[in-house]
Amino acid sequence: MRQLVLASYFTFGTALLSSYANAAGCGQITIASMNWQSAEVAAEVDKFILSEGYGCDAGIVQGDTIPTTTSMAEKGQPDIAPEVWVDMLPDVVKNEINKGKLVQASPILSDGGENGWWIPKYIADAHPDIKTIADVFKHPELFADPDNAGKGAVYNGPQGWAGTVITGQLFKAYEGEKAGFRLIDTGSAAGLEGSMSKAYERKKGWVGFYWSPTSLLGKYPMVKLDHGAPFEPDNWKNCITVSSCPNPKPSAWAKDHVYTLLSKTLAQRAPGEVTDYLNKRSWKNDTVSQLMAWMSENQATGEEGAKYFLKKNPDLWSQWVSEDAAKKIRAAL
C-alpha cells in the first residue's frame, strides 16, 4: 500500500512538473467569461493570445460582474476579468483598487460603453443638419409614428431598464411631446431591436434608445446623437435617473467606463510581458460590434469569434503583443 501511495504521489508530481514546464514560466491563469457576447469573445481572445503567444496555461471560468469582482478581491481568483463595466459597482471597484486587491489594466473598450439615442446612418447622411436630440425634434416627419399620422416617435426600451427611465426623463427634458413626438414602449429587448431592424430594412426613419457595442449596430450602422448639453452629475443622479423627478434638465448621457481588472496575485507573479499585453489590449466599439454581428449571423461560439478576429485583424492585435509572441500567434492560427 505504501508503495502504491508513493507511486501515486510520484505520478501526480511528475504531471504537475510537466504542466508547469509547459507554462514556460507564465503559470496557470484563469480568465472570467461573462454572460454577454462581447465579454465572452474578449475572454477567448485573451486565452488564445496568452496560451499561444506567451506559453501560459490559460483557462476559462464562467463569471458575472458582481460575483467575479468580489471573488477576485477576496480570493484572488479568477486572475483576469477582461470586460468589467466598472460604473455598475464604482465604489466596490475603487475601494478594492485602493486596497491593492484589484489592479486596473487597459480600458478594453477604448470608446467606453456608449448609451444614448441613435438614428440610422442613411438618415444622418441625407440630413447633415440633424446632429442633436433637439434637431431630431424639429423633424417629426422624418421619424414618423406608425400609429399617429403627423407625429414623430421615439422608441424606448422595456420597463425595468435603467436606460428606459433615462430615455423617459430625457424625453421630458427636451420637450418631445410638445415637439409632436410620442415615446413608444417597445415592451422587450426583442421589441426594441425589432423596431430598429424593421425601419432599417425599409430605409425608414427611426430614433430611440440603444447602446454600443452590440451585434445589431455591427449589422446596421447607426449614428449616436449629440445631446447638445453638458453632463452634470447632480442633474443626472437626482433627476435624469429618477422617473418621478418632474423637471429634468437636458443632459449628456454618462459614459460607462469598461476596464480589464486583474487580481493582485496575477499582477505580482505574471511575467512583465503578460501584464504589458493586458495594459495594451483595447478595441473600438465598431470593431466589437462588427465581430459580434459576424458571430450572430454564423451562430459562432466565443472561441470561434476569437479566432475569426485574430485572423482578420493582425494589424490591430500585433500592437498589443511582443514580436516573439506575434510570431507564435500567427503560427498557431
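Everything below is about the structure printed above this text.
Residues numbered from 1 in each chain as written. Predicted model: local features only at pLDDT ≥ 70, side-chain atom pairs only at ≥ 80, totals over all residues. Heavy atoms only, no water.

### Quick notes on the packing of aromatic side chains
We describe a pair of aromatic rings using the distance from one ring centre to the other and the angle between the two ring planes. As a reminder of what qualifies: The rule is short: rings of Phe, Tyr and Trp, with Trp giving its six-membered ring, pair when the centres are within 6.5 Å, and they are stacked under 30 degrees, edge-to-face over 60, tilted in between. By the criteria applied, helices consist of DSSP H or I runs no shorter than four residues and strands consist of E runs no shorter than two, each listed in order from the N terminus. Exposure categories follow from relative accessible area, calculated using a 1.4 Å probe and restricted to protein chains: below 20% of the type maximum is buried, above 50% is exposed, and the middle band is partly exposed.
In total, this model carries 18 aromatic pairs according to the counting rule given. Between Y122 and Y200, the aromatic rings sit 4.9 Å apart at their centres with planes inclined by 75°, giving edge-to-face as the arrangement. Pair noted here: Y122 is in helix 5 (residues 121-126) and Y200 is in helix 8 (residues 189-201), with a separation of 78 residues, a long-range link. With respect to burial, Y122 and Y200 carry one shared label: buried. What links up through ring pairs into an aromatic cluster is the set W161, F209, Y210, W211, F231, W236 and W253.

### A closer look at the state of the cysteines
Throughout this description, disulfide means a covalent bond between two cysteine sulfur atoms. Here is the rule: The term disulfide is used for any two cysteine sulfur atoms that are within 2.5 Å.
Counted under the stated rule, the structure contains 2 disulfides. With its sulfur 1.9 Å from that of its partner, C26 forms a disulfide with C56. Since a negative S-S torsion denotes a left-handed disulfide, the C26-C56 link at about 80° is right-handed. Of this pair, C26 sits in the loop between helix 1 (2-22) and strand 1 (28-33) while C56 is found in the loop between helix 2 (37-54) and strand 2 (57-62), placing the two residues 30 residues apart along the sequence. Pair check on accessibility: C26 and C56 agree, each one buried. A disulfide bridge connects C239 with C245, and the sulfur atoms are separated by 1.8 Å. Linking C239 and C245, the disulfide has an S-S dihedral of approximately -80° and is accordingly described as left-handed. The exposure class of C239 is buried, given its relative accessible area of 6%. Counting its disulfide-bonded cysteines in sequence order, the protein chain shows a connectivity of 1-2, 3-4.

### Describing helix 13 (residues 285-297)
Defined as follows: A helix is expected to span 1.5 Å for every residue after the first. Whether two residues are in contact is decided by their heavy atoms, any of which lying within 4.5 Å being enough.
A rise of 1.5 Å per residue sets the reference length of helix 13, with its 13 residues, at 18 Å; its end C-alpha atoms lie 18 Å apart and thus fit the reference within 8%. Here helix 13 has its buried residues at N285, V288, S289, L291, M292, A293 and M295. Considering only its buried residues, helix 13 is in contact with helix 2, strand 5 (114-120), strand 8 (208-212), helix 9 (215-219) and helix 14 (302-312). Taken from the residues just after helix 13, Q299 is the one with a positive phi, measuring 50°.

### Points about the layout of surface pockets
Operational definition: A 1.4 Å probe that fits into a set of points on a 1 Å grid over the protein atoms alone but cannot get out defines a cavity; an open set with protein on both sides within 12 Å along at least five of seven lines defines a pocket, and lining residues are those with an atom within 4 Å of a point. Grid points are joined across faces, edges and corners, and a volume is the space filled by probe spheres set on the points. Each residue is assigned to one class: nonpolar for Ala, Val, Leu, Ile, Met, Phe, Trp, Tyr, Cys and Pro, charged for Asp, Glu, Lys and Arg, and polar for all the others, Gly among them.
When its volume is computed, the largest pocket comes out at roughly 740 Å³. W85, M88, N115, W211 and D256 are the residues nearest the centre of the largest pocket, which is lined by 21 residues in total. If one sorts the elements of the lining of the largest pocket by residue count, helix 7 (residues 162-173) sits on top with 3 residues. By residue class, the composition of the lining of the largest pocket is 13 nonpolar, 6 polar and 2 charged. Considering only enclosed or pocket space, the second largest pocket measures out at about 300 Å³ in volume. Taken together, the residues that form the lining of the second largest pocket break down as 7 nonpolar, 2 polar and 4 charged.

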